[in-house]
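Chain by chain, the residues:
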Amino acid sequence: MAVINPPGADAAQKLRSALAAVEAGAALQPLFEAATEWLELDAGEVLTREGERDAGLYLLIAGALDIVRAPAGDAAAAPEVRGTVRAPELVGEMQLLTGGVRTATLRAAERTLLVRVAAEACEQAARSAPELLSTLAARVFNRQCRDRLLQILPAFLETSDPALVDWIAAQVEWLSVARGDFVVREGDPGGDVFILVDGRLRAISQSAGGRALGDLVPGDVVGETQLFTGGRRNATVVALRNSVLGRLPRARLEEAMRRLPDLGLRLASVAVERAQHAVQRSAPLRAAVNLVIQSADPAIADACARALREALQAHGAAAEVSRAAVGRALGRPELCDLADEDPRAARLRAWLSEQEARQRFLIFVSDQSPAWSARCLGCADIVLQVTTPGAAPEPFVAPQAEASTALAQAKRWLVVLHEDTHRPHRTAAWGERFSRYFHVRRQAGADFARLARAVAGCEVGLVLGGGGARGYAHLGTLQAFEELGIPIDALGGTSAGAAIASCYALGYRGRELEDTIKRWLGGSVDYTLPLVAISAGGHMLARARQIFGDLDLEDLSLPLYCIATDITRFGMLVIDRGRVRDAVLASACLPGIFPPVLVNGRWAVDGGLVNAVPMDVMRNFLGPRGIIIGSDVTGGAAAARVEGPAGAAGVNGWMQLLRTLWGRRTLPSIVDVLQSSATAAGDYQLQRVIDIGRPDACIRHDTAGHSIVDFSRPAPLRDKGYAATMEALRPLVDSGRFPRAV
């Protein structure tokens with residue numbers, strides 16, 4: 001590289017011509033004319049090297065520079081050419097703004113002529129004209145957006161014509177939207193079309209009560225339907241996190257469609273596809289997931305980030321984004337303390353955008369810096385609050401914001417980090433600000449793997465249905481899950497299924513689980529004057545208290561919900577918070593046999609009356625890509641005909657008692673009648689539940705011939721459940737459908 005004298009009398013004209021050809025070049029002309037050094041490079045010579053601290057500003061007058069960078073994560077690999085910068089163009093704005101290290105090597109692709117302004121001269125000019133930094137930051141922002149758009153357009157337009165792609169990219173106007181801002185509102189006039197290049201949006205139907213229609217990720221389009229119909233916006237679109245869109249005004253888009261007739265067909269196909277799949281398209285696979293880890297203890301936050309990053313590698317590329325990571329990558333950790341509107345923050349924004357394009361998961365580690373915390377939360381899809389069992393709940397102030405921000409709130413999950421064993425402790429004291437609770441042991445890879453599956457949206461949910469003593473078949477299902485190596489990330493249950501699921505979530509396994517259920521559900525009944533029920537329910541409650549004590553559902557090592565029938569407001573009651581014993585007793589409280597249970601101000605009885613195998617609830621809990629297995633114990637061949645008194649004949653209870661003692665009873669007992677009625681009601685609704693829940697498998701156990709009320713013989717049903725589950729799930733395991741347990 002040689003420093004040369006200005007090349008001839010026309011040097012000034014060459015400089016002005018080059019500046020006139022670059023964006024915002026006119027604003028930089030006084031800077032270059034005042035302090036300029038001319039450089040000349042032969043092909044193959046290096047201008048700057050990756051990792052160097054060179055904060056000079058360069059203007060490429062003639063020739064071209066290759067952008068050379070080592071592959072990410074492989075320091076031993078040979079550097080690769082990632083792109084080429086051709087004259088006329090500015091180089092070095094980012095380093096000038098931030099003073100950080102070069103993120104790539106610039107090497108002359110051919111004989112190249114440049115002019116250089118030293119960093120000192122730039123800083124002096126910025127002090128006298130502060131708008132210079134804003135000008136450079138705007139250039140950087142526009143170039144980054146254009147680069148991202150050029151990556152998106154060829155696939156979207158289904159054309160590789162660079163001239164056409166460049167022309168369309170040149171028509172775009174850039175729009176930054178903060179988390180919670182509206183992009184369009186339902187009912188507004190249509191017209192412009194938007195292309196998302198960074199961030200995440202959500203489409204919401206206000207006319208349908210705020211129902212989410214789906215998420216939009218980089219490469220998706222907003223407003224294509226109204227382009228053809230000329231109507232009003234049919235959905236509200238809000239930013240789920242800080243986002244950047246390219247806006248194509250209607251007039252320019254119509255010109256683009258004249259140049260590329262297939263563009264109209266492409267936009268029409270997008271509109272049709274979205275209309276067909278709006279309900280199910282809520283989590284596109286190509287979208288990066290951004291997590292934010294918060295903790296009062298920085299050491300805990302860092303440890304959790306490292307372990308979670310390792311666990312997430314099973315689902316895609318994952319990277320940690322912390323103050324230390326920024327320092328390693330950019331050489332300037334203090335960039336984290338800059339407000340987003342500071343021009344010097346452009347370098348950090350660019351790096352974060354690049355990481356999001358490269359990674360499937362980004363794990364942001366927040367700290368005490370207000371600016372860095374705000375930036376992390378602005379990017380968040382999920383916020384993980386990490387604490388320990390003995391820590392006091394941290395105060396939380398609900399954000400005061402418009403409805404749009406409320407719609408865009410990130411998911412908030414609480415992660416309780418235990419030592420070597422799970423010791424639940426007042427988890428519910430953290431309040432209802434968290435939608436999920438995770439209990440994770442520091443050294444347990446299986447626990448972090450479970451958290452990673454939740455982040456990746458591929459959890460395995462097992463739903464155990466009601467059916468009285470026939471629920472023993474669920475024990476075989478659980479045994480098969482363990483032998484097949486299928487992890488269980490969430491449990492749901494009704495009636496006997498809720499009882500078994502709750503004990504499993506508490507940690508009971510194998511024979512201990514079987515004995516506990518037999519002792520609990522098959523124990524003695526304390527009969528009473530049947531004004532409310534024939535049993536006082538005291539014995540059942542006492543046994544439940546022995547098993548669960550005062551534990552809350554939030555304290556269990558696995559998330560659990562129980563289904564009950566709400567006889568106060570007449571509907572289904574999903575219980576996923578509060579005392580475990582109350583939730584399970586309400587779900588298994590057969591009306592007329594046991595008194596109703598008061599839950600959250602409502603009287604509740606057996607959930608089998610409304611939803612015997614609640615797979616639809618599990619689908620809402622896990623999302624569209626979660627894996628759901630249902631276990632239904634109401635199946636089996638029904639009796640074709642029974643013998644007994646014809647019609648609605650009067651029944652003498654004393655005679656039925658004698659017939660029972662003589663072994664000649666022909667009528668079902670009151671318990672059989674009530675339990676079978678609940679089973680029939682749930683079974684009638686099962687197909688609707690399957691249609692909504694879309695389970696990967698619903699195992700229909702053959703329980704014909706087994707009493708609903710005889711809890712004395714679990715082994716035959718357990719063995720049947722095991723065989724049926726192995727037969728149903730082994731093909732799915734062999735096909736790789738399930739994640740493997742760690």
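A quick note: this is a predicted structure, and the numbers were derived from the prediction, not measured.

With that out of the way, let us pick up the pattern of salt bridges. Evaluation of the coordinates by the stated rule reveals 32 salt bridges. One salt bridge connects D215 with R202, and the closest N-O pair in it is separated by 2.7 Å. Of this pair, D215 sits in strand β13 (residues 211-216) while R202 sits in strand β12 (residues 193-205), placing them 13 residues apart in sequence. With relative accessibility at 4%, the residue D215 sits in the buried group. By relative accessible area, which is 25% here, R202 ends up partly exposed. Between D337 and R323 there is a salt bridge, and its shortest N-O distance comes to 2.8 Å. Note that D337 is positioned in the loop between α11 (323-330) and α12 (346-358) and R323 in helix α11, a separation of 14 residues in sequence.

The strands making up a sheet associate through backbone hydrogen bonding, with each pair oriented either parallel or antiparallel. With antiparallel pairing, the four strands of this open sheet are ordered in space as β3-β8-β5-β6. Taken across any chain shown, the strands that pair with only one partner, and hence form the sheet edges, are β3 (46-48) and β6 (80-86). Averaged over all pairs of adjacent strands, the angle between strand axes in this sheet comes to 30°, irrespective of strand direction. Examined bridge by bridge, strand β5 (residues 64-69) and β6 share six bridges and lie antiparallel to one another.

Turning our attention to the sheet that holds strand β21 (residues 436-441). Taken in spatial order, the six strands make up an open sheet running β17-β18-β16-β19-β20-β21, and their pairing is parallel. Of all strands in the sheet, those with a lone pairing partner are β17 (318-321) and β21, marking the two edges. Averaged over all adjacent pairs, the angle separating strand axes in this sheet is 25°, with direction ignored. With four bridges joining them, strand β16 (residues 289-294) and strand β19 (residues 382-387) adopt parallel strand pairing. Looking at the pairing, I293 lines up with L384 of β19. Each of β16, β17, β18 (361-365), β19 and β20 (411-418) is contacted by helix α10 (residues 298-312), which is oriented at about 175° to β18, the strand it contacts most.

Our focus in this paragraph is unusual backbone geometry. Here the bond from A87 into P88 is cis, since omega is -5°, no more than 30 degrees from zero. Looking at the secondary structure, you find P88 in the loop between β6 and β7 (89-91). Of note, the phi angle at S495 is positive, near 55°, even though the residue is not glycine. For S495, the position within the fold is in the loop between β23 (490-494) and α17 (496-506).

Another aspect to go through is the packing of aromatic side chains. Scanning all chains against the criterion turns up six aromatic pairs. Relative to F434, the ring of W430 lies with its centre 6.1 Å away and its plane at 65°, an arrangement referred to as edge-to-face. Comparing W430 with F434 shows no difference in burial state: the two are buried. Taken together, a centroid distance of 6.1 Å and an interplanar angle of 80° make the contact between Y472 and F711 edge-to-face. With Y472 in the loop between β22 (460-464) and α16 (473-484) and F711 in the loop between β29 (697-700) and α25 (714-734), this residue pair connects regions lying 239 residues apart in the sequence. Residue Y472 is classed as buried on the basis of its relative accessible area of 1%. F711 gets classed as buried once you look at its relative accessible area, which sits at 17%. In textbook terms, an aromatic cluster arises when at least three aromatic residues are bridged by ring pairs, as seen for W430, F434 and Y437.

A few words now on the environment of P624. As for its position among the elements, P624 is in the loop between α21 (615-622) and β28 (627-632). Judged by relative accessible area, which is 36%, P624 ranks as partly exposed.

Another point: the confidence of the model for the chain. Confidence in the prediction for the chain averages 83 pLDDT; 85% of positions are at 70 or higher. Overall, residues 278-284 carries pLDDT values under 50, and its contacts beyond four positions in sequence, including any with other chains, amount to 18 contacts. Ignoring residues within four places in sequence, the model shows residues 637-642, a span with pLDDT below 50, making two contacts including any to other chains.

Helix α20 (residues 580-587) sits mainly inside the fold: seven of its eight residues count as buried. The complete set of buried residues in α20 reads V580, R581, A583, V584, L585, A586 and S587.

Conventions used here
Residues numbered from 1 in each chain as written. Predicted model: local features only at pLDDT ≥ 70, side-chain atom pairs only at ≥ 80, totals over all residues. Heavy atoms only, no water. Salt bridge = Lys/Arg side-chain N within 4 Å of Asp/Glu carboxyl O. Helix = DSSP H or I, 4+ residues; strand = E, 2+ residues; numbered from the N terminus. Buried < 20%, exposed > 50% of the residue type's maximum accessible area, 1.4 Å probe, protein only. Pairing = 2+ DSSP bridges. Axes fitted to C-alpha atoms, helices over the stretch in contact; angles between N-to-C directions. Contact = heavy atoms within 4.5 Å. Phe/Tyr/Trp six-rings, centres within 6.5 Å; stacked < 30°, edge-to-face > 60°. pLDDT = per-residue confidence, 0-100.

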